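Spelled out, the chains give:
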Amino acid sequence: MIKRDDLLIMRAIALCFKPFLKPEEALIYCNLGRTQFAKNCEEYGVYKTNSGYYRKEDIDKMLSGEMAAMQAATPQVKLRAA
């Protein structure tokens with residue numbers, strides 16, 4: 001479990017002007033649990049970079065719902081397995 005002091009320090013780091021966030025920092029920044037965060041990332045198309053970080057710009061778009069509006073305008077086709 002994360003200590004309270006460590007959580008406060010991580011929250012302060014996550015809210016600064018870093019362009020990329022570690023997965024733990026992204027969870028704190030979004031104020032979501034791991035499952036909810038993973039579900040939202042999948043829904044909005046937010047993925048980690050090759051180095052394992054999330055782009056803060058993508059997370060901001062996810063939280064504002066901008067990417068959902070773009071995806072809603074584009075019809076999505078689900079393919080069935082034969």
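The structure contained in this document is the topic of the report that follows. As the structure is a computational prediction, the values presented were derived from the model and not from experiment.

## Here's the deal with the state of the cysteines
And step 1. With the rule as written, the count across this model stands at zero disulfides.
And step 2. Looking at the unpaired Cys30, the closest cysteine sulfur is the one in Cys41, lying at 6.8 Å.
And step 3. With a relative accessible area of 10%, Cys30 lands in the buried category.

## Thoughts on the pattern of salt bridges
And step 1. Tallying each qualifying case throughout the model produces three salt bridges.
And step 2. Of the charged contacts in the structure, one is a salt bridge between Glu25 and Lys18, with a shortest N-O distance of 2.9 Å.
And step 3. Given a relative accessible area of 25%, Lys18 falls into the partly exposed group.
And step 4. One connected set of salt bridges, linked through shared partners, spans Arg55, Glu57 and Lys61.

## A short note on the packing of aromatic side chains
And step 1. Applying the stated rule across the entire model yields one aromatic pair.
And step 2. Ring plane angle 85 degrees and centroid distance 5.1 Å describe the contact between Phe37 and Tyr54, whose orientation is recorded as edge-to-face. Within this pair, whereas Phe37 is found in helix H3 (residues 34–44), its partner Tyr54 is found in strand S2 (residues 54–55), the two being separated by 17 residues in sequence. Each member of the pair Phe37 and Tyr54 is classed as buried.

## Thoughts on the environment of Pro23
And step 1. Turning to its location among the elements, Pro23 is positioned in helix H2 (residues 23–30).
And step 2. Sequence separation of Pro23 and Tyr54 is 31 residues, and the distance between their C-alpha atoms is 6.9 Å.
And step 3. Those residues in contact with Pro23, other than ones at most four positions away along the chain, are Lys48, Gly52 and Tyr54.

## Some words on H3
And step 1. Along H3, the residues that are buried comprise Phe37, Cys41 and Tyr44. Each buried residue of H3 lies within a common arc of 80 degrees when the element is viewed along its axis, so the set occupies one face. Pointing more than 90 degrees away from the buried face of H3 are the exposed residues Thr35, Lys39 and Glu42.
And step 2. Where H3 ends, the next residue or the one after it, Gly45, has phi of about 75 degrees, a positive value.

How each quantity is defined
- Residues numbered from 1 in each chain as written.
- Predicted model: local features only at pLDDT ≥ 70, side-chain atom pairs only at ≥ 80, totals over all residues.
- Heavy atoms only, no water.
- Disulfide = S-S within 2.5 Å.
- Buried < 20%, exposed > 50% of the residue type's maximum accessible area, 1.4 Å probe, protein only.
- Salt bridge = Lys/Arg side-chain N within 4 Å of Asp/Glu carboxyl O.
- Phe/Tyr/Trp six-rings, centres within 6.5 Å; stacked < 30°, edge-to-face > 60°.
- Helix = DSSP H or I, 4+ residues; strand = E, 2+ residues; numbered from the N terminus.
- Contact = heavy atoms within 4.5 Å.
- Arc of directions from axis to C-beta.

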